[in-house]
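Residue-level structure breakdown
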Amino acid sequence: PICNPETHRFRSLWPLVPVWKSMTWLIRSLQTGKSERSFVVVGGLVNGGAGRTPATAWLAERLAHAQVISSGYRRRNLGPNIRFGHPDADPVHDLGDELEMIRRRGLPVISAPNRVQAIDQSHPNCLPIIDGGLGDPRLRNGFRIACIDGQTPLGRGPFPVGHRRLPWSTLHQVNAIWITGPMPELESLSLPQHVPVVRSIMRPAGWLHRGKLYPLDAVQGAVDVVVGIANPERFVSALSDLGLHVRTLRMTGDHAPLGPVEPHTVLTEKDAARLPIDADVWALRMELDVDGGEALLEQIAEHSG
């Protein structure tokens, strides 16, 4: 499929694409074993920015006895491989920013590079929901959801030209497709007809400050912004839509160190999860408006029953 507005990121790296594909195939072939438990996989075709974590949190908040599992990407090494996070207690070891964000929303989480081990060590009565791992062959017996970013569905090319790590044909092997944001080029992209589609749009819901949620009018005027996510321009656009003036802006890479953060700085909820919960910063809380979500919840319940 071709999406015309979606330009390749690093055209000069095309010769490396088959090398990366071969290495990926070799790594996947060495990943053996699987869990016999029921679980849900929320993954994406691209590396970051497809709305996986918001979709995972949305599902976990609505499915009974859900427990979120993730690899804890770029977490600090000090600590055990499998780390448990409880909503009523500060974690002893670093969970990773995305899992800490979800934990602060009141959900139990597990941070583990080996997701199969995490599933087996989760509570026997819980439903594991895995953020990531769509390409992991050990997780193919779960209920699999593929997340697509509506603005850049093809990830601007395969890695390392762009950030797409799984082929478009993966969509024929999942239980549901979750599209985040508008997808104007949908007609030129062949979605499988037999796979149900869920659509969602993110909207600002309030400001988090020192562990409490405040209304959107709590922050006004000029703001100083630090952002370290895959699509920082969308966060800046959301601030502009709220009528805020971005006085200063400092951007880092996704999951990269934020550096010094001054009091009253505005951040994403994910970035704020790297700071103490009582830090004097303002984090924009985003919620999802979901179309087709109830039917998806019913499908997952039937699959897990």
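For the structure, check the block above.
Structure report, in brief. (Residues numbered from 1 in each chain as written. Predicted model: local features only at pLDDT ≥ 70, side-chain atom pairs only at ≥ 80, totals over all residues. Heavy atoms only, no water.)

Here we take up the overall build of the chain. Regarding its fold elements, the chain presents seven helices and 13 strands. Its C-alpha atoms give the chain a radius of gyration of 19 Å, near enough to 19 Å, the size a compact globule of 305 residues would have. Projected onto the principal axes, the alpha-carbon positions of the chain cover approximately 50 × 45 × 40 Å. Of all 305 residues assigned to the chain, the portion counted as buried reaches 50%. (Helix = DSSP H or I, 4+ residues; strand = E, 2+ residues; numbered from the N terminus. Rg over C-alpha atoms; globule rule 2.2 N^0.38 Å. Buried < 20%, exposed > 50% of the residue type's maximum accessible area, 1.4 Å probe, protein only.)

Another aspect to go through is empty space enclosed by the protein. Applying the stated criterion across every chain yields a total of one cavity of 30 Å³ or more. Taken as a whole, the largest cavity holds about 40 Å³ of empty space. The biggest single contributor to the lining of the largest cavity is helix α3 (residues 97–104), with three residues. By residue class, the composition of the lining of the largest cavity is three nonpolar, four polar and two charged. (1 Å grid on protein atoms, 1.4 Å probe; cavity = no way out; pocket = protein on both sides within 12 Å on 5 of 7 lines; lining within 4 Å. Points joined across faces, edges and corners; volume = space filled by probe spheres on them. Nonpolar A, V, L, I, M, F, W, Y, C, P; charged D, E, K, R; others polar.)

We now examine a nonpolar patch on the surface. Judged by side-chain polarity, Leu-16, Val-19 and Met-23 come together as a nonpolar surface patch covering roughly 270 Å² of accessible area. With relative accessibility at 44%, the residue Leu-16 sits in the partly exposed group. (Patch = residues over 30% accessible without salt bridge, like charges linked within 9 Å, V, L, I, M, F, W, Y side chains within 5 Å. Areas by Shrake-Rupley, 256 points an atom, 1.4 Å probe, with all protein chains shown as cover. Salt bridge = Lys/Arg side-chain N within 4 Å of Asp/Glu carboxyl O.)

Quick look at the pairing of strand β13 (residues 282–291) now. Of the pairings in the sheet, the one linking strand β8 (residues 197–209) to β13 comprises nine bridges and is antiparallel in character. Opposite Leu-208, over in β13, you have Ala-283 as the bridge partner. Looking at chain direction, strand β12 (residues 266–268) and β13 are connected through three bridges and run parallel. Bridge pairing in β13 places Thr-268 opposite Leu-284. (Pairing = 2+ DSSP bridges.)

Moving on to the layout of surface pockets. Within this model, the second largest pocket holds a volume of roughly 460 Å³. For the second largest pocket, the lining is made up of 24 residues, of which Arg-76, Asp-94, Ala-273, Arg-274 and Leu-275 are closest to its centre.

Oppositely charged side chains can form a pair if their charged atoms are brought close together. Under the definition given, this model contains 18 salt bridges. Taking the shortest distance from any N to any O, the salt bridge between Arg-103 and Glu-100 comes out at 2.9 Å. Here the residue Arg-103 and the residue Glu-100 both occupy positions in helix α3, the gap between them amounting to three residues, near one helical turn. The two residues Arg-103 and Glu-100 agree in class, both being buried. Linking Arg-105 and Glu-287 is a salt bridge whose minimum nitrogen-to-oxygen distance equals 4.0 Å. Residue Arg-105 is found in the loop between α3 and β4 (109–111), and its partner Glu-287 is found in strand β13; the two are separated by 182 residues along the sequence. Judged by relative accessible area, Arg-105 falls into the buried class, the value being 19%. Three or more residues joined by partner-sharing salt bridges are found here, namely Glu-61, Arg-62, Arg-105, Glu-269, Arg-285 and Glu-287.

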